[in-house]
Amino acid sequence: MFPSDFKHHMFDLPHRRYNPLTGEWILVSPHRARRPWQGQQEPSARSDCPDYDPDCHLCPGNSRTGGIRNPDYRDTLVFDNDFPALLPDIPAGEMDTGGLLKATPEKGLCRVMCFSPRHDLSLPQMAPAEIQKVVDEWVRQFLELSKLGWINHIQIFENKEALMGASNPHPHCQIWAHESLHNEAVKEQNSLRAWLDTQGQCLLCQYLELEQSDGERLVLENDDFSVLVPYWAVWPFETLLISKRHRTGLDQLSTGERSGLAEILKRLTTRYDNLFQTPFPYSMGFHQRPTDGASHEESHLHAHFYPPLLRSATIRKFMVGFEMLGTPMRDITAEIAAARLRELPDKHYLDG
Ligand SMILES: [Zn+2]
Ligand SMILES: [Zn+2]
Ligand SMILES: [Zn+2]
């Protein structure tokens, strides 16, 4: 541990921070954040998005590509993606040319899940009880998909707003279930496993305890979950949502914890919208234990929120240049980002 004046001196100057979940470093250049603040902030008006769009393939009663008609659903709707990135039935095989040209087949299922029949809503505008139905459906999907013997990992994720590649404003997420662990899951599982083996404790339980005693990077808490800007955050307002009790997956949450998750998701996404008074774009997703049948005590349920906006509704961070060739970097520190998110109200800016 550094004496705190040294820590604050260091945090004012360029430094590297280590991400124990991935084993990678990031670069922090806080002195650059003193550049003049540009970009006027104009609250975006309530969108003119209708609550039902006859051309939307996710709205109740509408036809999707291939002629399937959506039911007149009331809460959530889950269906197999009409254009899936992965397929469940493909032949086995392998290719390896001198270790240089390698390929293996990858089986998987890709589902789409609508959060609500309302075309114009997003998580911050939904009631906690409605969001809890989303959480309950995530749990059902996790349980159902994990029973398939060949499914070893389940990735739930949401891309929100066109800036993050969402092709349709209708509130929805994707659930991909697949044979292999993919890059981020592999890095995290390896780190979590190694930590448990060498320290005898869960990395994220220990990390959360440290953040709670420090407090500088905490954003929000309720009885069941904490949201913080991780020490090693790359995106300007990146957050990590962690279950307070050691749970390896969504299926281990009690009913009370599921409602705690719904409540904190609403508060976090509301603050995100309030930050630049705009529907806040992000990619978010849950990391849970692999579903290969082992207990995976090293896993600890958490969600990452990766929002691209930096200074206003229109000024975003790009991952270019040094970040593509060297390492990701940021200028506002995780501590400053957390303080800004902490100050924001829980009431949505459009709710006057
Ligand atoms: Zn729709
Ligand atoms: Zn834990
Ligand atoms: Zn993770």
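The structure reproduced in this document is the subject of the present report. (Residues numbered from 1 in each chain as written. Chains lettered and ligands numbered in written order. Predicted model: local features only at pLDDT ≥ 70, side-chain atom pairs only at ≥ 80, totals over all residues. Heavy atoms only, no water.)

Some thoughts on the coordination of the zinc ion (ligand 1)
Those protein atoms acting as donors to the zinc ion (ligand 1) are Cys 56 (SG), Cys 59 (SG), His 119 (ND1) and His 170 (ND1), and they sit at 2.0 to 2.3 Å. Between the four donor atoms coordinating the zinc ion (ligand 1), the angles at the centre fall across 104 to 115°, so the site counts as tetrahedral. All donors of the zinc ion (ligand 1) belong to a single chain; written as a sequence motif, their spacing is C-x2-C-x59-H-x50-H. Here the residue Cys 56 occupies a position in the loop between β2 (24–28) and β3 (77–80), and His 119 occupies one in the loop between β6 (108–114) and α2 (128–146), the gap between them amounting to 63 residues. With relative accessibility at 3%, the residue Cys 56 sits in the buried group. (Donors = N, O, S within 2.8 Å, 3.2 Å for Na, K, Ca; no water. Tetrahedral: all angles 85-135°; square planar, octahedral: opposite > 155°, others 65-115°. Helix = DSSP H or I, 4+ residues; strand = E, 2+ residues; numbered from the N terminus. Buried < 20%, exposed > 50% of the residue type's maximum accessible area, 1.4 Å probe, protein only.)

Notes on the coordination of the zinc ion (ligand 2)
In this structure, Cys 202 (SG), Cys 205 (SG), His 246 (ND1) and His 300 (ND1) serve as the protein donors to the zinc ion (ligand 2), at separations of 2.0 to 2.3 Å. Relative to the metal, the four donor atoms surrounding the zinc ion (ligand 2) lie at angles of 106 to 114°, and the coordination shape comes out tetrahedral. One chain supplies every donor for the zinc ion (ligand 2), spaced along it as C-x2-C-x40-H-x53-H. On the criterion of sequence distance, the pair formed by His 246 in the loop between β11 (239–243) and α5 (255–275) and His 300 in the loop between β12 (282–287) and β13 (302–306) is long-range, its members being 54 residues apart. By relative accessible area, which is 25% here, His 246 ends up partly exposed.

Some words on the pairing of strand β1 (residues 15–19)
Residues His 15, Arg 17 and Asn 19 point to one face of β1 and are all buried, whereas Arg 16 and Tyr 18, pointing to the other face, are not buried. In this structure, β1 lies alongside β2, joined through five bridges in antiparallel fashion. When the sheet's bridge partners are listed, Arg 16 is paired in β2 with Leu 27. As consecutive antiparallel partners, β1 and β2 are separated by four residues, and within that stretch Gly 23 has a phi angle of approximately 75°, a positive value. (Pairing = 2+ DSSP bridges.)

Quick notes on the sheet that holds β11
Ordered by their spatial adjacency, nine strands build an open sheet running β3-β6-β8-β7-β12-β13-β11-β10-β9, and the pairing between neighbours is antiparallel. With partners counted over all chains shown, the strands left at the sheet margins are β3 and β9 (218–221), one partner each. Sheet twist, expressed as the mean angle between neighbouring strand axes with direction ignored, is 20°. With four bridges connecting them, β3 and β6 associate as antiparallel partners. If you follow Val 78 over to β6, its bridge partner there is Met 113. Where α5 meets the sheet, its contacts fall on β7 (153–160), β9, β10 (225–228), β11, β12 and β13, and the angle it forms with β9 comes to roughly 135°. (Axes fitted to C-alpha atoms, helices over the stretch in contact; angles between N-to-C directions. Contact = heavy atoms within 4.5 Å.)

So, the packing of aromatic side chains
Overall, the coordinates contain twelve aromatic pairs when judged by the stated rule. With centroids separated by 6.3 Å and ring planes inclined at 40°, the aromatic side chains of Tyr 272 and Tyr 282 adopt a geometry described as tilted. Note that Tyr 272 is positioned in helix α5 and Tyr 282 in strand β12, a separation of ten residues in sequence. For the residue pair Tyr 272 and Tyr 282, the accessibility class agrees, reading buried in each case. When its relative accessible area of 1% is taken as the criterion, Tyr 282 is described as buried. (Phe/Tyr/Trp six-rings, centres within 6.5 Å; stacked < 30°, edge-to-face > 60°.)

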